[in-house]
Amino acid sequence: MSACFDVFRPGAARTAGANRSWLALVLLFLIGWPCGWSGVALADDAASQANRQFIQAMQLIRQANATYDPNEESRLLDEADRLLQDIITRYPDTDLAVQLVTNQFVGDFDFFEFRNRVKSMVCNDQLSSKCFLFRISSLLPPVETPITTARWDWLSLAVAYHLLGDPGRAKEIIAPFLSAVRHGVATEGGDRDLFVGRALALTDQSPLALDLTRKIPDCSTRLYNLADVADVALWHKDRDQAAALALEAQDYAAAQGCGAELGLVARTLFDAGRETEARALFATTVEQQFGQGKEVKSGCCAPELAVAAGDMGSPDLALTLLRTVQEENPWTIATVLGKLARRGETATVLAYADQVQDADNRGETYAELIGAFLERNDRATAEDLMKRLDKLAGDDGNRRPALIAHHARAEKLLYPDDRWRGTFQQAITAAEHASSFVRRDIGGPLIAVLVKIETGLPLLD
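Residues numbered from 1 in each chain as written. Predicted model: local features only at pLDDT ≥ 70, side-chain atom pairs only at ≥ 80, totals over all residues. Heavy atoms only, no water.

**Q** Residue-level account of helix H7 (residues 152-163), with values.
**A** If you check H7, its first and last C-alpha atoms are 16 Å apart, about what 12 residues at 1.5 Å a residue would give, namely 16 Å. Within H7, 10 of the 12 residues are buried, which leaves it mostly tucked inside the rest of the structure. All of the buried residues along H7 are Asp153, Trp154, Leu155, Ser156, Leu157, Ala158, Val159, Ala160, Tyr161 and His162. Downstream of H7 by one or two residues, Gly165 has phi in the positive range, about 100 degrees. (Helix = DSSP H or I, 4+ residues; strand = E, 2+ residues; numbered from the N terminus. Expected span 1.5 Å × (residues − 1). Buried < 20%, exposed > 50% of the residue type's maximum accessible area, 1.4 Å probe, protein only.)

Below is the structure:
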């Protein structure tokens, strides 16, 4: 290559006399020609290699189309996918790579549909959790672009992928939402963090979650994120970090005058082992929000205070607070009753659960109570609750996807086999055949139940 540039140095072609000028021109042509065309030759070679690899991939896809063996089909498609992804990686400057990475048609080949087909191969085992996730993902409303706000349902899906062994897919989903929230946080009046911090913490990115959280001035979002990251720390047996985050939440709430979230802060302190501070904050909050001995009125309290009462208040106080918040926050029913059941309450809790009107909420409550009574080694009560849940689901005719999913969770808690998988599959099928209104909203709850089944831990939903 240096010889090519030497030709163009001043005087390089003029060292001979005029009678030899023709020789300089010949040398210029012979040496300069390959230099000028070498880039083109390399580009042509890359394009040829990419085309050759593409043809190999198409041949594999045709073989996959012609086989009856699902395992062989999966193997062939995976190899074809590897070849196509390799084109993008090794030959990024080729037109073919650009077409693939931008999901353009190459002839009649649709790379986007092919990728979906590859992903769907997880459903060769229709009862696997990865197949369940794939089917649930098709229920979620598509993400609008450009992304302007975070979507908790898709972020829940990302967390589920991470927990079930596909961290790469989780990052692909979270990254654009994280970018959108960062832009919103940096802009006055921008979008708030909606589950992004929690999703990061649940995918082993707690430092990044905290960095994001500490830039959020909103009481609710900041304190919820701190509480959730503290919960994740407890799941990882890091009680010191959990306690530090709980105290940070307490200090922030006091400095900013955050009132509605004090029940959440008290619960976080309690869970992190700071019981003295937790009980003191809870008692003060109860006194401030409705006064000792005064009647509790609807709308008096934040739902988080009712949840905290499940741990630190008397059963009567917890149920009183629950009645005031459950209509607008039905998720509190299973949570509060589960906490009371773990504290030893039985008759009152069962009677309350039986009076829950909504079938989905009652089913969730029964499943939570089954887990609570099993933790107390009270299998008889758990089995009695299972009979109630069986009847509830049977009377419904297996039409409610969420109710069926809660039934599956109860089966997972009670029985050592995998019967729950068939039941959860029924829940997804019911969702796929439900109205568009149900389909729009059911994906996130199904993911939350599946994560709780597989990990024993809530999705922080």
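**Q** Hey, could you go over the confidence of the model for the chain for me, with residue numbers and the actual values?
**A** In this model, the chain carries a mean pLDDT of 86, and residues with pLDDT of at least 70 account for 85%. Predicted confidence is poor over residues 1-20, with pLDDT under 50, and the contacts of this stretch with residues over four places away or in other chains come to 10 contacts. For residues 185-191, every residue scores under 50 in pLDDT, and the model assigns this stretch eight contacts once sequence neighbours within four places are set aside. (pLDDT = per-residue confidence, 0-100. Contact = heavy atoms within 4.5 Å.)

**Q** Help me get a handle on the state of the cysteines, residues and values and all.
**A** In protein structure, a disulfide is the covalent linkage between the sulfur atoms of two cysteines. Tallied over the full model, the rule gives two disulfides. Paired by a disulfide, Cys123 and Cys131 hold their sulfur atoms 2.0 Å apart. The S-S bond linking Cys123 to Cys131 shows a torsion near 100 degrees; that makes this disulfide right-handed. The disulfide bridge from Cys219 ends at Cys258, spanning 2.0 Å between sulfur atoms. Since a negative S-S torsion denotes a left-handed disulfide, the Cys219-Cys258 link at about -65 degrees is left-handed. Within this pair, whereas Cys219 is found in helix H11 (residues 219-235), its partner Cys258 is found in the loop between helix H12 (239-256) and helix H13 (262-271), the two being separated by 39 residues in sequence. The exposure classification of Cys219 matches that of Cys258, with both residues buried. (Disulfide = S-S within 2.5 Å.)

**Q** Can you explain unusual backbone geometry? Please cite residues and give values.
**A** Backbone torsion omega between Thr145 and Pro146 reads -5 degrees, so that peptide bond is classified as cis. Position of Pro146 among the secondary structure elements: in the loop between helix H6 (129-137) and H7. Of note, the phi angle at Asn103 is positive, near 55 degrees, even though the residue is not glycine. Mapped onto the elements, Asn103 comes out in the loop between helix H4 (95-101) and strand E1 (105-106). You will see that Asp204, though not glycine, has its phi angle at about 65 degrees, which is positive.

**Q** So what's going on with the packing of aromatic side chains? Residues and values would help.
**A** In this description, an aromatic ring pair is defined by two values, namely the gap between the centres and the angle between the planes. Applying the stated criterion across every chain yields a total of seven aromatic pairs. When the ring of Phe54 is compared with that of Phe109, the centres are 5.8 Å apart and the planes differ by 75 degrees; the resulting orientation is edge-to-face. Linking Phe54 in helix H2 (residues 21-65) with Phe109 in strand E2 (residues 109-110), this pair joins segments that are 55 residues apart in sequence. As far as burial versus exposure is concerned, Phe54 and Phe109 are alike and both buried. An angle of 45 degrees between the planes, with centres 6.3 Å apart, marks the rings of Phe109 and Phe111 as tilted. According to the relative accessible area criterion, Phe109 is buried, its value standing at 10%. On the basis of relative accessible area, Phe111 is assigned to the buried category, the value being 4%. Within the aromatic cluster, the residues linked to one another by ring pairs are Phe54, Phe109, Phe111 and Phe114. Here Arg419 stacks its cationic end above the ring of Tyr415, 3.9 Å away from the centre of that ring. (Phe/Tyr/Trp six-rings, centres within 6.5 Å; stacked < 30°, edge-to-face > 60°. Lys NZ or Arg CZ within 6 Å of the ring centre and 35° of its normal.)

**Q** Describe the environment of Asn124, listing the residues and the values that go with them.
**A** Topologically, Asn124 is positioned in the loop between helix H5 (111-120) and H6. In the structure, Asn124 is positioned 53 residues away from Asn71 in sequence and 7.8 Å away in space, judged by C-alpha atoms. Ignoring any residue separated from it by four or fewer positions in sequence, one finds Asn124 in contact with Pro70 and Ser74.

**Q** Give a detailed account of the packing of helix H17 (residues 331-342) against helix H19 (residues 359-375), specifying residues and quantitative values.
**A** Orientation of H17 relative to H19, taken along the N-to-C sense of each, is 20 degrees, at an axis distance of 9 Å. In terms of orientation, H17 and H19 fall into the roughly parallel class. Regarding H17 and H19, the two cross each other, and that crossing is right-handed. Here Ile333, Ala334, Leu337, Gly338, Ala341 and Arg342 of H17 come into contact with H19, specifically with Glu364, Thr365, Glu368, Leu369, Gly371, Ala372, Phe373 and Glu375. Here the residues of the contact of H17 with H19 are counted per class, giving seven nonpolar, three polar and four charged. (Axes fitted to C-alpha atoms, helices over the stretch in contact; angles between N-to-C directions. Parallel < 35°, antiparallel > 145°, perpendicular 65-115°, else oblique. Left-handed = near helix turned anticlockwise from the far one by under 90°. Nonpolar A, V, L, I, M, F, W, Y, C, P; charged D, E, K, R; others polar.)

**Q** Outline the pattern of salt bridges, listing residues and values.
**A** Under the defined criterion, the tally for this structure stands at 28 salt bridges. The closest approach of N and O atoms between Arg135 and Glu432, which form a salt bridge, is 2.7 Å. Taken as a pair, Arg135 in helix H6 and Glu432 in helix H22 (residues 419-432) lie far apart in primary sequence, 297 residues in all. Note that Glu383 is salt-bridged to Arg379, the shortest N-O span being 2.9 Å. Of this pair, Glu383 and Arg379 both sit in helix H20 (residues 379-396), four residues apart, which is roughly one turn of that helix. Note on Glu383: relative accessible area 37%, which makes it partly exposed. Taking relative accessible area as the criterion, Arg379 reaches 37% and is therefore assigned partly exposed. Each of Arg342, Glu368, Glu375 and Arg409 takes part in salt bridges that share partners, so that together they form one network. (Salt bridge = Lys/Arg side-chain N within 4 Å of Asp/Glu carboxyl O.)

**Q** Outline the packing of H19 against H20, supporting the account with residue identities and numerical values.
**A** Here H19 crosses H20 at 160 degrees, and the two axes come no closer than 8 Å. By the angle between their directions, the pair H19 and H20 is classed as roughly antiparallel. Taken as a pair, H19 and H20 cross one another with a handedness that is left-handed. Contacts between H19 and H20 pair Ala359, Arg362, Gly363, Tyr366, Leu369, Ile370, Phe373 and Leu374 from the former with Arg379, Thr381, Ala382, Leu385, Met386, Arg388, Leu389 and Leu392 from the latter. Taken together, the residues of the contact of H19 with H20 break down into 11 nonpolar, two polar and three charged.

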